[in-house]
Amino acid sequence: MRLVYTAKHPTEAHLIRGMLKAEGIRAEVKGDQLYGAFGELPVLPTVWILDDMLAAQAERVVIDFLHGTAARKYGHERWTCANCGETLEGQFTECWKCGAARD
Ligand SMILES: [Zn+2]
């Protein structure tokens, strides 16, 4: 596994993961469960790719994200999770909070 991005918050980390997934790159978010936990030291969520060989490709996705181009490429209408009410970015096919699939 290889670290490709340290996000400012869980939503951003999952956004990156979704973009990587859209490019066929399997990725995982770590540390998102610890974010904001009361009494915990702040732990920033990180995005890891499972296949080190795709690091260069993943890096481009992250750079695109930072430049805002990926957001335009994958950004669709936001939707609201029917299960927990979380507002999600358009590229998510499932709720990052509760795991419910998009309608
Ligand atoms: Zn949900």
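No experiment lies behind these values; they were computed from the predicted model shown.

Regarding the pattern of salt bridges
Oppositely charged side chains can pair when the atoms bearing their charge come close. Per the counting criterion, the structure on display carries 3 salt bridges. Between Glu12 and Lys8 there is a salt bridge, with the nearest N and O atoms lying 3.4 Å from each other. On the basis of relative accessible area, Glu12 is assigned to the buried category, the value being 7%. Arg78 is the partner of Glu89 in a salt bridge, and the nearest nitrogen-oxygen pair spans 2.9 Å. With Glu89 in the segment after β5 (87-88) and Arg78 in the loop between α3 (69-74) and β4 (79-80), this residue pair connects regions lying 11 residues apart in the sequence. A relative accessible area of 58% places Arg78 in the exposed class.

Thoughts on the nonpolar core
Grouped together as the largest cluster of nonpolar side chains are 24 residues, with contacts concentrated most on Val4, Tyr5, Ile16, Leu20, Val47 and Ile49. Those elements giving two or more residues to this core turn out to be β1 (2-6), α1 (10-22), β2 (27-30), β3 (46-49) and α2 (55-67). In contact with Ile49, not counting residues within four places along its chain, are Met1, Arg2, Val4, Leu20, Ile25, Arg26, Ala27, Leu54, Ala55 and Ala58.

Criteria and thresholds
- Residues numbered from 1 in each chain as written.
- Predicted model: local features only at pLDDT ≥ 70, side-chain atom pairs only at ≥ 80, totals over all residues.
- Heavy atoms only, no water.
- Salt bridge = Lys/Arg side-chain N within 4 Å of Asp/Glu carboxyl O.
- Buried < 20%, exposed > 50% of the residue type's maximum accessible area, 1.4 Å probe, protein only.
- Helix = DSSP H or I, 4+ residues; strand = E, 2+ residues; numbered from the N terminus.
- Core = buried A, V, L, I, M, F, W, Y, C linked by side-chain atoms within 4.5 Å.
- Contact = heavy atoms within 4.5 Å.

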